[in-house]
Amino acid sequence: MKHRDREMVPKTLVRAMFTLMIAATALVGYATVTDRPVLAVAPHSDIIRELSITLEGSRSTGVAVLDENGLKIAHSTENKRGFIDVIWVTVMRERLIQDVPSNAPLRVVRRENGHVAILDDTTGWKIELIGYGKDNVAAFAKLLD
């Protein structure tokens, strides 16, 4: 067997990686210095419908979606509603970081442009449900219908 070069990653690849990193940093620096407008932000759209909900549960039993009266209106273990669990984990993590109550309500909103969003007024966190797949968006959009 011939002696293999001990180098696991070719020098050319390492140089290309650092070149790409420097180029990306330079582009971001240029955009910051010249105050270029942010282009990849969804345009503002007014809220036309909203629902206040509370998420309760655990990773092992799933997460229930409760309305303002405490009645269960959905559960993450129901057909194609696992995204509720994902949102619950994200919200709980953000609330833990900011040290705010974990049982405060969220708002599920439908905007004038048809998009659905989830807003957490206690932390300022929000997520526009764009590009998460139709089943994931439907898990929350059906709550508004």
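Refer to the structure above for everything that follows.
First, a word on scope: everything that follows refers to the structure included in this document. Fair warning: this is a prediction, and the values are worked out from it, not measured in the lab.

1. Quick word on the overall build of the chain
Okay, step 1: Helix and strand counts for the chain come out as three helices and six strands.
Okay, step 2: Moving toward the C terminus, one meets the helices and strands of the chain in the order α-β-β-β-α-β-β-β-α.
Okay, step 3: For the chain, whose C-alpha radius of gyration is 22 Å, the value lies well above the compact-globule estimate of 15 Å for 145 residues.
Okay, step 4: Overall size of the chain, expressed as C-alpha extent along the three principal axes, is 70 × 50 × 35 Å.
Okay, step 5: When contacts within the chain are restricted to residue pairs at least 6 apart in sequence, those whose partners lie at least 24 apart make up 47%.

2. Describing unusual backbone geometry
Okay, step 1: Even without being glycine, K80 reaches a positive phi, approximately 60 degrees.
Okay, step 2: Following the sequence through the fold, K80 ends up in the loop between β3 (72–75) and α2 (83–98).
Okay, step 3: Since its relative accessible area comes to 54%, K80 is described here as exposed.
Okay, step 4: Of note in this structure, D99 is not a glycine but carries a positive phi near 55 degrees.
Okay, step 5: Secondary-structure assignment places D99 in the loop between α2 and β4 (106–111).

3. A look at helix α3 (residues 134–144)
Working note: α-helix, 3.6 residues per turn, so residues spaced by three or four point in the same direction.
Okay, step 1: The set of residues buried in α3 consists of V137, A139, F140, A141, L143 and L144.
Okay, step 2: On its buried side, α3 packs onto β1 (47–58), β2 (62–66), β3, α2, β4 and β5 (116–120).

Conventions used here
- Residues numbered from 1 in each chain as written.
- Predicted model: local features only at pLDDT ≥ 70, side-chain atom pairs only at ≥ 80, totals over all residues.
- Heavy atoms only, no water.
- Helix = DSSP H or I, 4+ residues; strand = E, 2+ residues; numbered from the N terminus.
- Rg over C-alpha atoms; globule rule 2.2 N^0.38 Å.
- Contact = heavy atoms within 4.5 Å.
- Buried < 20%, exposed > 50% of the residue type's maximum accessible area, 1.4 Å probe, protein only.

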